[in-house]
Amino acid sequence: MNLARKDIRYNFGRFTLATVGVGMLLMVVMGMGGIYRGIIEDATLLIDRVGADLWIVQRNTRGPFAEVSRVPTNLVHRALAVPGVNAAREFVYHTIQREQNGKALRISVLGLSWPTDKGEWLPLSAGRPLAQNHYEMIADETLKLALGEKIKLGKEIYTVVGTTKNMISSSGDGIAFFTVADAQAIQFDTPGESTRLERAARYGRGERSDLGSNQPSLLENAEKSSAELPTLPLPQISAVMVTISPAADLDQVAKIISGWGDVSVYTSDGQRELLLKGTVEKVRRQIGLFRMLLTIIAAIIMGLILYTMTLDKIHSIALLKLIGAPNYVILGLIMQQALILGALGLIVAYSVGSKVFPMFPRRVILAQSDLIQLALIVLGISVAASFLGIWKALKVSPNEALS
Amino acid sequence: MNNLSSPQYVIETEAITKIYGSGNTEVVAMRDASMQVEPGKVVALLGPSGSGKSTFLTAVGLINPPTSGRIIIQGKAILDGDNALVNLRSFRRQHIGFVFQKSNLIPFLSAIENVQVAMEINGVSPSAARTRAHELLDYLGVGDRANNSPSMLSGGQQQRVAVARALANHPSVILADEPTAALDSHRGRQVMELFAQVAHEQGAGVIVVTHDHRSLDVFDILYEMEDGILEKKTRETIA
Ligand SMILES: Nc1ncnc2c1ncn2[C@@H]1O[C@H](COP(=O)(O)OP(=O)(O)O)[C@@H](O)[C@H]1O
Ligand SMILES: [Mg+2]
């Protein structure tokens, strides 16, 4: 006869309430772990999905994710010339915040190097990759932009032609994919008036200089778009992504490029590490500490629940001792209830959590290894929590059954 | 189980004294109480309230050790003062059956489970325990209530379940503290007769604290406790 189960059935309502309470608490512990997983996954997801072997960034920066990096566009061609390099793509990446229907809409803008990269590698949940080099975008579902929806960014209107699932920047904002040219247009958007003023000023400077009077064609150029001015620096990109040919040696290629004075080179693993060490490290520690506190609180609460459950049946325990029940029977009664409480709590935590977590604004990932770890922790705190009750039960005298 | 060699007395107390508290609050509840019970004998323990009957009974039951004196069960010294010479709990579950004034059932177990658990903690298989529990409850007239929880039974029914539990392990010592208080006189007498029958058939020693002078004919030996002093009586010397 299992005394633990009989007692639980007898006190069913109260035990259920206790289980739900413990379950909710464990759900929060589980959620903390899941949020941490989500942050790591989100942070490194882009790096993993893009599938570049090497990242060339501005010298001595930890860009383009951990900090700002600026490299010239022609770096793509320089990289392509390195033996062993299979492909090089521009990487343009920045975050903007706009108003959309009265709410702040944060978009991480990522440029795809048209026409080599139309976004075929993206995990599209609907729609299609980019089909023209302007005015189209692929938006992550978290941006809540519907297929076919038009949105004005800078001076142009862009149409959502595809949506992705779980393409999120390390800060948790949904990513939208444009061609590099569009991404730059959005980034370097200046109001028409300031462009006109800049061109007038440029013209004025030209007229006043000898250079302007000697070369009238220069003045003609002054009124053109700055992108078309050969003498002015080109708009810059964040980084260059390199994929190497299968036969080439990654370290060898990285060594050659890192010899250049104006850039630094990272492998994908290096990039991932930069992100995890920098941006994510503090969040990780914060969540880790919080999770530890919650675990301790859960243990204390479970201990109190088991203690009061033991106090409630202390008369029965004294009676069991009186009729000669050995200690292991009493110990088993309390310990089994602790384990049942822990196990059911865990089940409640998981089943409620997997319904609730998807509604969170950021991803909560319940990794199997985390769940196993949590199960072991719960096992530990169940055993620890039962100690107080067991101590009380072993102390009670059989005489108390008679009072 | 009665597996010890048959001694002269199944219960023997040698001048047991119980002092509760100390200093100003000291209460001598029982002084130099000596009793011998031969196998198969049923003892009535009489006496006014507060005279020390329960103190004596719980001492013999090994749950309230005396301050001094020896308790010998089936020829084996068990307690010397409050000094245990065997594992008291395992001795209790094998050799002693209790029935107390207040019905003492486990509330989260059904009637039959309350009987069953006493046997299961003594190593009886659940199915064998269940069969015997059923027989005992039937015999005591509460078989139809086997699956009810104690709170759904009347005081008398609860007491009969407690009697069934006390008899479950074929104890060699049965101790009952005013077991019939909650029973009508017919049921009360039936329980007394059951104790006598178990004593005679199994050679158990039985001590029953009772106020019911009408059933005294069931008993083989009479003792009376007064102000902590135990005295053997005959039917003639009982007031
Ligand atoms: N745990 C205890 N602590 C102190 N005094 C007690 C305790 N139990 C019983 N007594 C005292 O011992 C005396 C005998 O009590 P008890 O054995 O219960 O008598 P009875 O069962 O004959 O009514 C009483 O005076 C009672 O107050
Ligand atoms: Mg009494």
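These numbers come from a predicted model, not from an experiment.

Enquirer: I keep staring at the overall build of chain B and nothing clicks. Help me out?
Expert: Check the secondary structure of chain B and you find six helices and eleven strands. Within chain B, counting contacts between residues at least 6 apart in sequence, those at least 24 apart form 66% of the total. Per element, the accessible surface of chain B, about 9,700 Å² overall, is 46% carbon and sulfur. A gap of 5 Å separates the mean positions of the 21 positive and 25 negative side-chain charges of chain B.

Enquirer: For this particular structure, what's the right way to read helix H4 (residues 126-139) of chain B?
Expert: Residues separated by three or four positions in an α-helix point in the same direction, a consequence of the helix having 3.6 residues per turn. All names here are of chain B. Taking 1.5 Å of rise per residue, 14 residues should cover 20 Å, and H4 covers 20 Å from first to last C-alpha, within 8% of that figure. For H4, the set of buried residues is Ala129, Arg132, Ala133, Leu136 and Leu137. Along the axis of H4, the buried residues cluster in a sector spanning 135 degrees; they form a single face. Buried positions along H4 lie against helix H3 (111-120) and helix H5 (155-167). Where H4 ends, the next residue or the one after it, Gly141, has phi of about 80 degrees, a positive value.

Enquirer: Is there a simple way to think about the confidence of the model for chain A in this case?
Expert: Interpreting fine coordinate detail is not advised for predicted regions of low pLDDT. For chain A, the average pLDDT comes to 86, and 97% of its residues sit at 70 or higher. The least confident element of chain A, judged by mean pLDDT, is helix H6 (residues 210-214) of chain A at 70; the most confident is helix H11 (residues 327-356) of chain A at 95.

Enquirer: What's the story with the nonpolar core in this structure? I'm lost.
Expert: Across soluble globular proteins, nonpolar side chains have a tendency to be buried as a group. In this structure, Phe56(B), Leu62(B) and Ile207(B) are the most contacted members of the largest nonpolar core, which totals 58 residues. Of the residues forming this core, the biggest block, six residues, is contributed by helix H10 (residues 314-322) of chain A. Sequence-distant contacts of Phe56(B), defined by excluding residues within four places in its chain, comprise Thr13(B), Ile16(B), Met30(B), Ala33(B), Met35(B), Leu45(B), Ile207(B), Met225(B) and Leu230(B). With 56 residues, the next largest nonpolar core counts Met32(A), Tyr36(A), Leu110(A) and Ile305(A) among its residues.

Enquirer: Explain the pattern of salt bridges to me, please; I cannot follow it from the model alone.
Expert: Any two side chains of opposite charge can pair, given that their charged atoms come close. Residues and elements named next belong to chain A. Scanning the model with the defined rule gives 21 salt bridges over all chains in all. A salt bridge links Asp312 to Arg14; the shortest N-O distance between them is 2.8 Å. Within this pair, whereas Asp312 is found in helix H9 (residues 268-312), its partner Arg14 is found in helix H2 (residues 12-50), the two being separated by 298 residues in sequence. Overall, the relative accessible area of 43% leaves Arg14 in the partly exposed class. Salt-bridge contacts for Asp269 lead to Arg272; the nearest nitrogen and oxygen are separated by 2.9 Å. With Asp269 and Arg272 both in helix H9, this residue pair falls three residues apart, about one helical turn. Looking at Arg272, the relative accessible area reads 25%, which means it is partly exposed.

Enquirer: Quick question: what am I supposed to make of the packing of H3(B) against H4(B) here?
Expert: Angle between the axes and distance between the axes: these two values describe a pair of packed helices. Residue and element names in this part refer to chain B. Their axes nearest at 8 Å, the elements H3 and H4 cross at an angle of 130 degrees. Taken together, the axes of H3 and H4 lie oblique to each other. The handedness of the crossing between H3 and H4 comes out as right-handed. On the side of H3, the interface is formed by Ala111, Ile112, Val115, Gln116, Met119 and Glu120, while H4 contributes Pro126, Ala129, Arg130, Arg132, Ala133, His134, Leu136 and Leu137. Here the residues of the contact of H3 with H4 are counted per class, giving nine nonpolar, two polar and three charged.

Enquirer: Please explain the side chain of Lys313(A) as it appears in this structure.
Expert: Mapping Lys313(A) onto the fold places it in the loop between H9 and H10. A polar contact is formed between the side chain of Lys313(A) and the side chain of Asp7(A), at a distance of 2.9 Å. Only 2.8 Å separates the side chain of Lys313(A) from the side chain of Gln337(A), close enough to count as a polar contact. Aside from chain neighbours lying at most four places away, what touches Lys313(A) is Asp7(A), Leu333(A), Gln337(A) and Phe108(B).

Enquirer: Is there a simple way to explain the domain arrangement of chain A in this structure?
Expert: Many analyses report the size of an interface as the accessible area lost when the parts associate. Along its sequence, chain A is carved into domain 1 (3-42 + 281-402) and domain 2 (50-273). For domain 1 of chain A versus domain 2 of chain A, the distance between C-alpha centres works out to 52 Å.

Enquirer: Explanation requested: the pairing of strand E9 (residues 239-244) of chain A in the structure shown.
Expert: Note on strand geometry: in a regular strand, side chains alternate between the two faces of the sheet. All names here are of chain A. Among the six residues of E9, five are classified as buried, and the element is accordingly described as predominantly covered. Relative to E9, strand E1 (residues 54-58) runs antiparallel, the two sharing three bridges. Bridged to Leu54 within E9 is Val242. Of the pairings in the sheet, the one linking strand E2 (residues 85-100) to E9 comprises six bridges and is antiparallel in character. Paired with Ala88 across the bridge in E9 is Val242.

Enquirer: What exactly am I supposed to notice about the interface of chain A and chain B here?
Expert: The partner chain B presents 22 residues to the 24 residues of chain A that form the contact. At the boundary of chain A with chain B, total buried surface from both sides reaches about 2,200 Å², with 63% on carbon and sulfur atoms. Here chain A is connected to chain B by one salt bridge. Residue Glu113(B) pairs with Lys6(A) through a salt bridge whose shortest N-O separation is 2.5 Å. Seen at the junction of chain A and chain B, the total is nine residue pairs in polar contact (both at pLDDT 80 or more). Only helix H1 (3-10), H10 and H11 of chain A provide two or more residues apiece to the side of chain A that touches chain B. No other element matches the six residues that H10(A) contributes to the side of chain A that touches chain B. When grouped by side-chain class, the residues that make up the side of chain A that touches chain B number 14 nonpolar, six polar and four charged.

Enquirer: Looking at this model, I keep getting lost on the confidence of the model for chain B. Mind explaining?
Expert: Of all residues in chain B, 97% have pLDDT values of 70 or greater, and the mean over the chain is 91. Across chain B, the element-wise mean pLDDT spans from 86 in helix H6 (residues 185-202) of chain B up to 96 in H3(B).

Enquirer: Explain the sheet that holds strand E10 (residues 221-226) of chain B here, please?
Expert: All names here are of chain B. As summarised here, the arrangement of the six strands in space is E7-E8-E9-E3-E10-E11, forming an open sheet in which the pairing is mixed. Looking at which strands have only one partner, the edges of the open sheet turn out to be strand E7 (96-99) and strand E11 (229-233). Within the sheet, the average angular offset between the axes of one strand and its neighbour, ignoring direction, is 20 degrees. As judged from the four bridges shared by strand E3 (residues 42-46) and E10, these two strands associate in the parallel manner. Note that in E10 the partner of Val43 across the bridge is Ile221. Docked against the sheet, H5 engages E7 and strand E8 (173-177), running at close to 170 degrees with respect to E7.

The rules behind the values
Residues numbered from 1 in each chain as written. Chains lettered and ligands numbered in written order. Predicted model: local features only at pLDDT ≥ 70, side-chain atom pairs only at ≥ 80, totals over all residues. Heavy atoms only, no water. Helix = DSSP H or I, 4+ residues; strand = E, 2+ residues; numbered from the N terminus. Contact = heavy atoms within 4.5 Å. Areas by Shrake-Rupley, 256 points an atom, 1.4 Å probe, with all protein chains shown as cover. Lys, Arg positive; Asp, Glu negative; His and termini not counted. Charge placed at Lys NZ, Arg CZ, Asp CG, Glu CD. Expected span 1.5 Å × (residues − 1). Buried < 20%, exposed > 50% of the residue type's maximum accessible area, 1.4 Å probe, protein only. Arc of directions from axis to C-beta. pLDDT = per-residue confidence, 0-100. Core = buried A, V, L, I, M, F, W, Y, C linked by side-chain atoms within 4.5 Å. Salt bridge = Lys/Arg side-chain N within 4 Å of Asp/Glu carboxyl O. Axes fitted to C-alpha atoms, helices over the stretch in contact; angles between N-to-C directions. Parallel < 35°, antiparallel > 145°, perpendicular 65-115°, else oblique. Left-handed = near helix turned anticlockwise from the far one by under 90°. Nonpolar A, V, L, I, M, F, W, Y, C, P; charged D, E, K, R; others polar. Polar contact = N/O pair within 3.5 Å; in protein donor to acceptor, adjacent residues only side chain to side chain. Domains from an automatic or database assignment. Pairing = 2+ DSSP bridges. Buried area = accessible area lost by both parts, 1.4 Å probe.

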